[in-house]
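# Summary of the model geometry
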Amino acid sequence: MPQPPAIRRATPDDAETVSALATHTFVETFGHLYPAEDLQAFLADAYAVEKQRVILSHPDYAIWLLERDGAAIGHAAAGPCGLPHPDVAPGDGELKRLYLLREHQNGGWGGRLFATALDWLQRDGPRTLWIGVWSENPGAQRFYARHGFEKVGEYEFPVGRVRDREFILRRDAGSGTHAASAQSVS
C-alpha cells in the first residue's frame, strides 16, 4: 500500500533530483508555449544541477521536496525577493516555485507545500512576501488571492526569445493572513 506523501527540506545532495523535477514540472506545465531551442536553453540554465546545488547550499534559500514512496512528485522554493518591483525591500521574501507533477495535483499537497514555504519565509516574524505568477494562470492567481496576495505589478519573464507576461503579487507583513491557513487547502 502506498505511503502518503511527505514533505522534507532538500539538501545539496538533492541537486540532481531538484533539477530533474523542476525541469519535468516546467515542461509539463509550460513546455508547449515555447520553441524547442528556447525551452532547452532556458532549462539548461535555470535548472542546471550545479545551480540547484548552489541554491541548496545557501542559507537564505530553501527548497522542499514532496515525496511519495521515495520519489519526488513536487517541490517549492523560497528565498529573498528578486522580483523587479520598486517596492521590494531588503528582508522581503519570495515564493519562487511551487510545482507538483500533474497526476499529483488537486489533492491538497500544493497547499501544504505553500504553507511550508511561507512558514519558513516568516520564521523570524512577519515580513512582506512576493510571488510572480503567469498572467494566463487564473487558478494560481485565485489560490494566492485567497491567501492575501494582491497584484501590484507586471514584468516580462524571458524563456529564450519569448517574453511571458507575469503578474507580481504581494502580501504585506501586516496583512494578518498567516501561512498556516494554507494547510487547510484541499
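What comes next concerns the included structure.

About the criteria used
Residues numbered from 1 in each chain as written. Predicted model: local features only at pLDDT ≥ 70, side-chain atom pairs only at ≥ 80, totals over all residues. Heavy atoms only, no water. Salt bridge = Lys/Arg side-chain N within 4 Å of Asp/Glu carboxyl O. Helix = DSSP H or I, 4+ residues; strand = E, 2+ residues; numbered from the N terminus. Phe/Tyr/Trp six-rings, centres within 6.5 Å; stacked < 30°, edge-to-face > 60°. Buried < 20%, exposed > 50% of the residue type's maximum accessible area, 1.4 Å probe, protein only. Polar contact = N/O pair within 3.5 Å; in protein donor to acceptor, adjacent residues only side chain to side chain. Contact = heavy atoms within 4.5 Å. Core = buried A, V, L, I, M, F, W, Y, C linked by side-chain atoms within 4.5 Å.

### Regarding the pattern of salt bridges
- Taken as a whole and judged by the stated rule, the model has 11 salt bridges.
- A salt bridge links D87 to R170; the nearest nitrogen and oxygen atoms lie 3.3 Å apart. Of this pair, D87 sits in the loop between β3 (71-80) and β4 (93-100) while R170 sits in strand β7 (residues 162-171), and the two are 83 residues apart along the sequence.
- Put simply, R8, D14 and E67 are held in one network by salt bridges that share partners.

### Quick notes on the packing of aromatic side chains
- By the definition in use, this model includes 14 aromatic pairs.
- Relative to Y99, the ring of F30 has its centre 6.2 Å away and its plane inclined at 85°; by these criteria the two rings are edge-to-face. Of this pair, F30 sits in helix α1 (residues 15-30) while Y99 sits in strand β4, and the two are 69 residues apart along the sequence. By the burial criterion, F30 is buried, and Y99 matches it.
- Measuring from centroid to centroid gives 6.3 Å for F114 and F149, while their planes differ by 65°, and the two rings are edge-to-face. One end of the pair, F114, is in helix α4 (residues 109-121); the other, F149, is in the loop between α5 (138-146) and β6 (150-159), and 35 residues separate them in sequence. Across the pair, F149 and F114 agree in class, each one buried.

### Structural notes on the side chain of R170
- Of the polar contacts made by the side chain of R170, one reaches the side chain of D87; its length is 3.3 Å.
- A polar atom in the side chain of R170 sits 3.1 Å from the side chain of D172.
- Every residue in contact with R170, bar those within four places of it in the chain, is listed here: H85, D87, T128, L129, W130, G148, F149, E150 and V152.

### Some details on the nonpolar core
- With 35 residues, the main nonpolar core has W64, F114, Y144 and F149 as its most contacted residues.
- Contributions of two or more residues to this core are made by α1, β2 (62-68), β3, β4, α4, β5 (129-134), α5 and β7.
- Those residues in contact with W64 that lie beyond four places of it in its chain are I7, R8, R9, A10, G74, H75, A76, A78, L113, T116, A117 and W120.
- Within the second largest apolar cluster, 12 residues are counted, among which are F30, A46, Y47 and Y99.

### Focus: the environment of G82
- Tracing the backbone shows G82 in the loop between β3 and β4.
- Classification of G82 by relative accessible area gives exposed; the value is 60%.
- Taking the C-alpha atoms as reference points, G82 and W130, 48 residues apart in sequence, are found 9.0 Å from one another.
- Residues within four places of G82 in sequence aside, it is in contact with E94 and K96.

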